[in-house]
Amino acid sequence: MIRYQISRSKLEEAIEEEKPGWLEEARRKTEAFRQAGEFNEPDGENSWGDIKAVYMRLQKNKCIYCERKLESEQYGKIEHDVEHYRPKNPVKAWPSKKMKRVYDFPTGNASAKGYYLLSYNQLNYATACKTCNTPLKLNYFPIAGSRINDSDDFERLKRESPYLIYPVGDLDENPENLITFEGVLPVPKMKRGHRHRRARVTIDFFALDIREELLKMRARIILSVWLAYKSLNNQSADAEDRDTAQSIINIALSPESDHTNCARSFHNLCQQDIQRAREYAEQARRILPTE
Ligand SMILES: [Zn+2]
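Residues numbered from 1 in each chain as written. Predicted model: local features only at pLDDT ≥ 70, side-chain atom pairs only at ≥ 80, totals over all residues. Heavy atoms only, no water.

## Remarks on the environment of Lys 189
This is how the line gets drawn: Going along the chain from the N terminus, every DSSP run of H or I of four or more residues is numbered as a helix, and every run of E of two or more is numbered as a strand. Only protein chains enter the accessibility calculation, which uses a 1.4 Å probe; a residue is then buried when its area is under 20% of its type maximum, exposed when over 50%, and partly exposed in between. We define a polar contact as two N or O atoms separated by no more than 3.5 Å, with the added condition that, inside protein, one atom must be a possible hydrogen donor and the other a possible acceptor, whereas residues neighbouring each other in sequence contribute only through side-chain atom pairs.
The residue Lys 189 is located in the loop between β4 (185–188) and α7 (193–205) in this model. The class of Lys 189 is partly exposed, set by a relative accessible area of 42%. Taking the C-alpha atoms as reference, Lys 189 lies 14 Å from Ile 165; in sequence the two are 24 residues apart. Polar contacts involving the side chain of Lys 189 include one to the main-chain carbonyl oxygen of Glu 176, which spans 3.2 Å.

So this is what it looks like as structure tokens:
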């Protein structure tokens, strides 16, 4: 997970350009929900899909949570879901009993009301892959504080102390300050405290450390960065090979690539602890099928 930086005014400009009048309509709908005290729009009338491409472009066609690269706009809209960070519908308690997961800290109660004032708020959106959005995200929204589902004031909403991270713009902390990678595995960057728990819950919530294809994709990236790093530091490599190696690293560290946080964490490690990096590269190789 990485941050996708954009100012509020630039995001609004991009939305207005994508679908003129959408923001005005969203404000009108939000006022109607405020009067009604609930989100009561029939399914067929939802219009957040009209601005899906704005988030796909901002996120470089990656899932906001698992950093998988999906297809781009021309063919890919079907693969991306508009994700409501805070659920518009009634909120379920997470973890559910069925998950058999126990934490020694509170994760928030269920709520009969969703965050109805945020159903049409552009700062409550991102695009996610179908796996992350359904079945993992559903209508869960674990928090450390008390639920505030009758507000669209983001300063006030911070008091909920959400566990899941919101990587669009600067409303929330940069995910890379909370989650780093040890080889293919995401881990909390902090040793303790709420920021540690945010990372732990986000990783558990989206199963970021156990989804097989995520691990394999990260393993491929680690191996390519490892080879490139070694070539770049090999004095006997020719100029062309070193150029190619530098390009491979630049691409892997760019937000355009999938699993950027993993690539950046591994590349940092190469510079700080080459022996540990070698061990992670060997682990990555063992994860991948050999034929
Ligand atoms: Zn995903």
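## Considerations on helix α2 (residues 22–36)
Put simply, the rule is: A helix is expected to span 1.5 Å for every residue after the first. By definition in these notes, contact holds between two residues if any of their heavy atoms fall within 4.5 Å.
For α2, built from 15 residues, the straight-helix expectation of 21 Å at 1.5 Å per residue is met to within 8% by its first-to-last C-alpha distance of 21 Å. Residues of α2 that are buried make contact with α1 (8–18) and β2 (125–129). In the stretch just after α2, Gly 37 is the one whose phi turns positive, near 75°.

## Let's talk about the coordination of the zinc ion
The condition is simple: Water is absent from the atoms considered, so a metal site may look incomplete; donors are defined as N, O and S atoms within 2.8 Å of the metal, or 3.2 Å for Na, K and Ca. A four-donor site is called tetrahedral if each angle lies between 85 and 135 degrees; a four-donor site is square planar, and a six-donor site octahedral, when trans pairs exceed 155 degrees and the remaining angles lie between 65 and 115; all other cases are labelled irregular.
Around the zinc ion, the protein contributes the donor atoms Cys 63 (SG), Cys 66 (SG), Cys 129 (SG) and Cys 132 (SG), which lie 2.2 to 2.3 Å from the metal centre. Around the zinc ion, the four donor atoms sit at angles spanning 105 to 113°, and that spread fits a shape best called tetrahedral. Read N to C, the donor residues that coordinate the zinc ion are spaced as C-x2-C-x62-C-x2-C. Assessed through its relative accessible area of 1%, Cys 129 is described here as buried.

## Observations concerning the pattern of salt bridges
Operational definition: The salt bridge criterion pairs a side-chain nitrogen of Lys or Arg with a carboxyl oxygen of Asp or Glu, the two atoms within 4 Å.
Applying the stated criterion to the full structure yields 24 salt bridges. Between Arg 200 and Asp 209 there is a salt bridge whose closest N-O contact spans 3.5 Å. Several salt bridges converge on common partners, so that one network encompasses Arg 101, Arg 200, Asp 204 and Asp 209.

## Here we look at the domain arrangement of the protein
The parts lose accessible area when they come together, and the size of an interface is often stated as this lost area. Short version of the rule: In this document the domain limits rely on a domain assignment from an automatic tool or a database. Put simply, buried area is how much 1.4 Å-probe accessible surface two parts lose in total, over both of them, once they are put together.
Parsing the protein into structural domains produces domain 1 (8–205) and domain 2 (212–287). Of note, the centres of domain 1 and domain 2, computed from C-alpha atoms alone, are 31 Å apart. The partner domain 2 presents 17 residues to the 15 residues of domain 1 that form the contact. Of the roughly 1500 Å² buried between domain 1 and domain 2, counting both surfaces, carbon and sulfur atoms make up 56%. For domain 1, the biggest contributors to the area lost against domain 2 are Glu 67, Phe 181 and Val 184; these three give 38% of the whole. In this structure, Glu 256 engages Lys 60 in a salt bridge whose closest nitrogen and oxygen atoms are separated by 3.9 Å. In this assembly, domain 1 and domain 2 are joined by twelve residue pairs in polar contact (both at pLDDT 80 or more). Mapped onto the side of domain 1 that touches domain 2, the elements with two or more residues apiece are β3 (179–182) and β4.

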